[in-house]
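# Commentary on secondary and tertiary structure
Below are the chains, spelled out letter by letter.
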Amino acid sequence: MSYVEFERVSKYFGNAGGAPVLDALSLGVEKGEFVTLLGPSGCGKSTLLRCVAGLTEIDEGRVRLDGVDLTNMAPKKRNVGMVFQSYALFPNMTVYDNVAFGLKMKGMARAEIERTVKRMLEIIDMSEKSGQYPHRLSGGQQQRVALARSLAVQPKLMMMDEPLSALDAKIRKMLRVEIRRIQQELGMTTLFVTHDQEEALTMSDRICIMNQGRIEQTGTPEEIYARPKTAFVARFIGNYNVLSAEEMAVIGRTQSASAAGFEPEAYAIRPEAVRISAADDGSGDSPADAYSMDGTVSDCTSLGALLRYTVQVGNLSITTDELNAPASSRHAAGARVRLEVDRNACVPLQG
Amino acid sequence: MSQPLTLAKKPARRFRFKPVALALIPFAALIVAFEVLPLIYLVMTSLLSDDETHYTLAQYATALTSPYYLKAITNSVTISLGSSVIGLVVSLFAAYSLTKLSGAARERLLTISNMSSNFAGVPLAFAYIILLGNNGIFTILLDSWGLDAFSPDLYSWTGLMLVYVYFQIPLATLLLYPVYFGISEQWKEAAALLGAGSFAFWRKIGLPVILPGLAGTFIILFANSMGAYATAYALVGGNFNLLAIRIGSLVAGDVVTKPQLGSALAVLLGLMMMAALAVNARLMRGLRKEQTNG
Ligand SMILES: Nc1ncnc2c1ncn2[C@@H]1O[C@H](COP(=O)(O)OP(=O)(O)OP(=O)(O)O)[C@@H](O)[C@H]1O
Ligand SMILES: [Mg+2]
């Protein structure tokens, strides 16, 4: 049995007949694990966290933490911490008092509170801001204080609901590293919510891709990235080209993929797995283990280190990424090009 | 390159005339005609002797030494403090429950509050008289049930307090209601997860955050009841020794008028309100300073 255990958790808002926000969701999180819930807006990520915290009631199913059934427990008894996107620091208290708040509520002795708060402020590197009020801090600093405030009471489970979404890109990247470091140092079991795939891929031990109140796929970042199981995951992660079985016929696939053990409904092709070359040169001999097709460049954008082409093949639109080589080798919009994809770079998808 | 330098050297012109300022003239004229001039007149009058022959501080001396007028001042302050405290405490809960209501019900209650907070003066006194006066509906009902011990005496201090509280509560509710929107739901949630119950939340976070709003509301309530004249006058006539009633009868009474003394009392009333405002501003500045400089 896992440290945190979701057992067929369902939640309906409004009329129970409508679509559930959480749909018999089951999930286990191990002690010390950093699990990210990744999914589009409205898929129920926040709702799931709020159900664990007791801020929203569960309609069906149960949640267990360290063997204790949380389902009907008051929030303050659950021993879970939460960091919000909006920081939610108490504006009438200094940084010190914010971090000390939970400890005071626990009735901890004054000297011990002081020791704990000092240590927390050291961990988040905010010791010199101890006497400051929240509104004088930057967003990143406020979120670090919010993190320390939750960590101080040593919750069994730490939950973060898009903690970095309100911050600018540079701070966000720094804090990612910092949160991950603190989490590993303290061995903190963490449920992290984001809709930023890069964030999920760089921080997590395990990612759960959520869609409409269900977990569509769970796995390590590598697994999720390299082997999406469904069209939804493939589209959500890594800008995959998702082609239906009929569309695969257009680019030349004929044999049935019995190797996958099922008849796939679609295939995912990573943009960087598609090779692009000018249509004229090297015509004829494409490798036998690759699909090739001719198309017209409809768009070319520079992503810094990468060039992203959108190529029109018949009525299919295929995205390719190429290293941003010197301008000489660029294909202009309207140019005829040849695309090649290795057969084993086409990931079969179900549903 | 040199452009910013030359700009920086030029002395800043502070008082540049803007044509838009012309639009303020009617407003300024209004303020002067109906606020500044009467105030000057009031202060001048208060400094005149009874026979208006010379300037003196005698009116103030009378006002501040006569036990009669001192009593009027303390009566007014007492009833204002009392009705403001009651109004504030009741509306603290009333305004909070308003924020928890659905949109339509809230709108309706706000409209009623708005109406009843403006429903003061003679009509209010009259309404109370027909409900709780000597021949009021409830007085007679309670009498006929043998419960006359419970019927409040409208023409006593309790009665007056009741009437004051009537217009203080809706006013305070209207003023406090928006203050609650300064409290984020997530503070409550964060506090709950850190082990704070509802009581601890309000004591440590909720009330401290709305404190400036509470203080501001209290000052307005206090000023509102210090200046209330028509309500008290309609209810108890000149029988009650209240500052506003004293001023009224000195300035426009039917027996003897002493506008100079009345003016002095009015100036004192104004000073008391200004003092209350100043104390409030001072407290709030201290509070904000604490939260900004830490
Ligand atoms: N209190 C509520 N009352 C009614 N519906 C709600 C409530 N809270 C959430 N919902 C609905 O539940 C669904 C899931 O909401 P949730 O906030 O969990 O999404 P999310 O995955 O966190 O999205 P986002 O990425 O935008 O934060 C949404 O359709 C939302 O409208
Ligand atoms: Mg959310």
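Computed from a predicted structure; not experimentally measured.

### Topic: the overall build of chain B
- A count of helical and extended segments in chain B gives 13 helices and 0 strands.
- Ordered by position from the N terminus, the helices and strands of chain B form the series α-α-α-α-α-α-α-α-α-α-α-α-α.
- Since a compact globule built from 294 residues should have a radius of gyration of about 19 Å, the 25 Å found for chain B marks it as more spread out than a globular shape.
- Each principal axis of the C-alpha distribution contributes one length, and for chain B these read about 90 × 70 × 35 Å.
- Per-residue burial for chain B yields a buried fraction of 36% across its 294 residues.

### Describing the pattern of salt bridges
Residues and elements named next belong to chain A.
- Taken as a whole and assessed by the stated rule, the structure comprises 20 salt bridges over all chains.
- Between Arg176 and Asp196 there is a salt bridge, with the nearest N and O atoms lying 3.8 Å from each other. Of this pair, Arg176 sits in helix H5 (residues 169-186) while Asp196 sits in the loop between strand E8 (190-194) and helix H6 (197-203), placing them 20 residues apart in sequence.
- In this structure Asp196 comes out as partly exposed when scored by relative accessible area, which is 22%.
- The residue Asp205 makes a salt bridge to Arg180 at a minimum N-O spacing of 2.7 Å. Placement of Asp205 in the loop between H6 and strand E9 (206-211) and of Arg180 in helix H5 is noted, with a sequence separation of 25 residues between them.
- On the basis of relative accessibility, which here comes to 29%, the residue Asp205 falls in the partly exposed class.
- One continuous salt-bridge network, built from bridges that share partners, spans Arg176, Asp196 and Glu198.

### Considering a nonpolar patch on the surface
- Nonpolar side chains collect at one region of the surface, where Leu24, Phe27, Ile31, Val32, Val36, Leu37, Ile40, Met44 and Tyr55 of chain B lie side by side and expose about 830 Å² of accessible area between them.
- Secondary-structure assignment places Tyr55 of chain B in the loop between helix H2 (25-46) and helix H3 (58-65).

### Points about the nonpolar core
- Ranked by internal contacts, the top residues of the largest apolar core, which has 90 residues, are Phe6, Leu37, Phe90 and Met159 of chain A.
- Ranked by the residues each element gives to this core, the list is headed by helix H10 (residues 198-226) of chain B, at 7 residues.
- The residues touching Phe6 of chain A, leaving out its near neighbours within four places in the chain, are Leu25, Ser26, Leu27, Leu48, Val52, Arg62, Val63 and Leu191 of chain A.
- Among the nonpolar cores identified, the runner-up in size contains 20 residues, and Leu243, Met248, Ile251 and Leu316 of chain A belong to it.

### A look at the layout of surface pockets
All names here are of chain B.
- Quantified by volume, the largest pocket comes out at close to 310 Å³.
- Every element with two or more residues in the lining of the largest pocket is listed here: helix H4 (67-99) and helix H12 (243-252).
- A breakdown of the residues in the lining of the largest pocket according to their chemical character gives 9 nonpolar, 4 polar and 3 charged.

### Some points on the state of the cysteines
- For the structure on display, the rule yields 0 disulfides over all chains.
- The thiol of Cys208 of chain A is unpaired, and the distance to the nearest cysteine sulfur, on Cys43 of chain A, comes to 11 Å.

### Here's the deal with the sheet that holds E8 of chain A
All names here are of chain A.
- Spatial strand order, E6-E7-E8-E3-E9-E10: 6 strands in an open sheet with mixed pairing. With one partner strand each, in any of the chains shown, strand E6 (80-83) and strand E10 (214-219) form the two edges of the open sheet. The average angle at which neighbouring strand axes cross in this sheet is 20°, direction not considered.
- Sheet topology note: the E6/strand E7 (residues 157-161) ladder contains 4 bridges and is parallel. Along E7, the bridge assignment pairs Val83 with Met160.
- The strands that helix H4 (residues 139-152) touches are E6 and E7; relative to E6, the one it contacts most, it runs at about 175°.

Rules behind the numbers
Residues numbered from 1 in each chain as written. Chains lettered and ligands numbered in written order. Predicted model: local features only at pLDDT ≥ 70, side-chain atom pairs only at ≥ 80, totals over all residues. Heavy atoms only, no water. Helix = DSSP H or I, 4+ residues; strand = E, 2+ residues; numbered from the N terminus. Rg over C-alpha atoms; globule rule 2.2 N^0.38 Å. Buried < 20%, exposed > 50% of the residue type's maximum accessible area, 1.4 Å probe, protein only. Salt bridge = Lys/Arg side-chain N within 4 Å of Asp/Glu carboxyl O. Patch = residues over 30% accessible without salt bridge, like charges linked within 9 Å, V, L, I, M, F, W, Y side chains within 5 Å. Areas by Shrake-Rupley, 256 points an atom, 1.4 Å probe, with all protein chains shown as cover. Core = buried A, V, L, I, M, F, W, Y, C linked by side-chain atoms within 4.5 Å. Contact = heavy atoms within 4.5 Å. 1 Å grid on protein atoms, 1.4 Å probe; cavity = no way out; pocket = protein on both sides within 12 Å on 5 of 7 lines; lining within 4 Å. Points joined across faces, edges and corners; volume = space filled by probe spheres on them. Nonpolar A, V, L, I, M, F, W, Y, C, P; charged D, E, K, R; others polar. Disulfide = S-S within 2.5 Å. Pairing = 2+ DSSP bridges. Axes fitted to C-alpha atoms, helices over the stretch in contact; angles between N-to-C directions.

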